[in-house]
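Architecture at a glance
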Amino acid sequence: MAALLFVSASAQDLLRYNYKKNNYIYTGTERVRVVGTTPLEVKLNRVTFPDGENIYILRVEYEEATAWKMPKNAPLTIFTTDGKNVTLKNNADSPNLVAPSGIKTSAGKVYWNYGEYYMEEADLKKIATGVSSIDATKRWSSEGVIKVSYKNDEFGNAIRRQMQAINAAPAPKSEVGNYLKSISDQGGNRLVETEKIQVNGQLSVSLVYLYYAESNNENYDLNLFISGKTVPLGSAVYVTTTSGQTIELQQEKDLLAGRIICYPTIDQLKLMSKGVSKITVHTVSSPVNINITDGSFASAIDKLYCALQPVTIL
């Protein structure tokens, strides 16, 4: 019997997305928390142009007790452990949608303010050699600089891990489609629904993305449509991957026949996009096995997940 899948934080798949749109390739990582004298989260993205050239975007989120918007072109200077420095400029110029009303913690309310810094690969490689400290300008004044120092190259280590994830991503072969059905924003929260994709004669699938501003978390709902089958609340849904692992999910709502809603983790969803050979659903009468031999389920998940990424918050 295949082992059930439990993804720990240490085993997190750092690659968040990798897709082609209008012949440009967009590859990005999940955020990584960096411990220093001031808490940060960093996220690395790469855009590959049709001619093969790359540009990198470093997003740095700064945790502070007040909300502010970083000025356009505000500099971030990164000091390397070998005595060099790299200065980047903020390119973000849109309203901050990351927990705009702040997040309540035991120490009080905090805000995640951010800058997005464009750079070439040569600068990225300098940063990856090791980082001792950074200076980030958050407003045009003598007191508007955030200074963060690192004892054990925590910033550089995060960048190296993210570079490794991006460089290991295969080049997408096909363009991502427009599968978005609706986007709803309310009170800083966001809900995005995709269209359905037909997998085979038995099964269709869609996804829902949810961002919760109060907790600064996001989730995905996996919707399965199996005509004529009633799946009671709490019934097991097993997804067997082509690598031999089994992801254990369940029916999360009391629904009419033909529909199942599951709550996979983001890493489980990513794993499904890499290959699924069988789905087993425990219906009101008996288990139903849906064998998938052509990669259509994984392909559908990948298309829907990638279509969502340009409108996700984190």
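Look up: the structure comes first, before these words.
This section reports on the structure supplied with the text. Keep in mind the model is a prediction, meaning the values are calculated, not measured.

Considering the overall build of the protein
When helices and strands are tallied, the protein shows 4 helices and 21 strands. The C-alpha atoms of the protein give a radius of gyration of 21 Å, which matches the 20 Å a tight globule of 314 residues would have. Counting only C-alpha atoms, the protein reaches 70 × 45 × 35 Å along its principal axes. Long-range contacts, defined as pairs at least 24 residues apart, comprise 59% of the intrachain contacts of the protein with a sequence gap of at least 6. When the accessible area of the protein is evaluated, it comes to approximately 15,300 Å², of which 48% is carbon and sulfur surface. Averaged over its 33 positive side-chain charges, the protein has a centre that lies 1 Å from the centre of its 31 negative ones.

Overview of the environment of Gly188
Position of Gly188 relative to the elements: it lies in the loop between β12 (180-186) and β13 (189-194). With a relative accessible area of 28%, Gly188 lands in the partly exposed category. Placed 25 residues apart in sequence, Gly188 and Met163 show a C-alpha to C-alpha distance of 31 Å. For Gly188, the contacting residues outside a window of four places in its chain are Leu97, Pro100, Tyr211 and Ala213.

Some remarks on the sheet that holds strand β18 (residues 246-250)
Taking strand neighbours across the sheet as the criterion, the 4 strands line up as β18-β17-β20-β21 in an open arrangement whose pairing is antiparallel. Each edge of the open sheet is held by one strand with a lone partner, namely β18 and β21 (287-291). Within this sheet the neighbouring strands show an average axis-to-axis angle of 15 degrees, counted without direction. Of the pairings in the sheet, the one linking strand β17 (residues 236-241) to strand β20 (residues 276-282) comprises 5 bridges and is antiparallel in character. Following the sheet pairing, Val237 is matched in β20 by Val281.

Some points on the environment of Val145
Mapped onto the fold, Val145 is located in strand β11 (residues 145-149). Given the relative accessible area of 34%, Val145 is considered partly exposed. Taking the C-alpha atoms as reference, Val145 lies 9.9 Å from Ala74; in sequence the two are 71 residues apart. Filtering out sequence-adjacent residues up to four positions away, Val145 remains in contact with Asp135, Ala136 and Thr137.

Observations regarding the sheet that holds strand β10 (residues 131-137)
In spatial order, the strands read β7-β6-β10-β11; together these 4 strands make up an open sheet with antiparallel pairing. Only two strands of the sheet have a single neighbouring strand rather than two, namely β7 (85-89) and β11. In this sheet, adjacent strand axes meet at a mean angle of 15 degrees when their direction is disregarded. Judged from the 5 bridges that link them, strand β6 (residues 75-80) and β7 form a sheet pairing that is antiparallel. Bridge pairing in β7 links Leu76 to Leu88. Strands in contact with helix α1 (residues 121-128) are β6, β7 and β10; relative to β7, the strand with the most contacts, it is inclined by about 130 degrees.

Side note on α1
Looking at α1, one finds that the buried residues are Leu124, Ile127 and Ala128. Burial along α1 is one-sided: seen end-on, the buried residues are contained in an arc of 100 degrees. Just beyond α1, the residue with positive phi is Gly130, at close to 140 degrees.

Focus on the nonpolar core
Soluble globular proteins: nonpolar side chains tend toward being buried together. Grouped together as the largest cluster of nonpolar side chains are 46 residues, with contacts concentrated most on Val205, Leu222, Met272, Ile279 and Phe297. Take this core: its biggest share by element is 6 residues, from helix α4 (residues 296-308). Among the nonpolar cores identified, the runner-up in size contains 34 residues, and Trp68, Met70, Leu124 and Ala158 belong to it.

Thresholds applied
- Residues numbered from 1 in each chain as written.
- Predicted model: local features only at pLDDT ≥ 70, side-chain atom pairs only at ≥ 80, totals over all residues.
- Heavy atoms only, no water.
- Helix = DSSP H or I, 4+ residues; strand = E, 2+ residues; numbered from the N terminus.
- Rg over C-alpha atoms; globule rule 2.2 N^0.38 Å.
- Contact = heavy atoms within 4.5 Å.
- Areas by Shrake-Rupley, 256 points an atom, 1.4 Å probe, with all protein chains shown as cover.
- Lys, Arg positive; Asp, Glu negative; His and termini not counted.
- Charge placed at Lys NZ, Arg CZ, Asp CG, Glu CD.
- Buried < 20%, exposed > 50% of the residue type's maximum accessible area, 1.4 Å probe, protein only.
- Pairing = 2+ DSSP bridges.
- Axes fitted to C-alpha atoms, helices over the stretch in contact; angles between N-to-C directions.
- Arc of directions from axis to C-beta.
- Core = buried A, V, L, I, M, F, W, Y, C linked by side-chain atoms within 4.5 Å.

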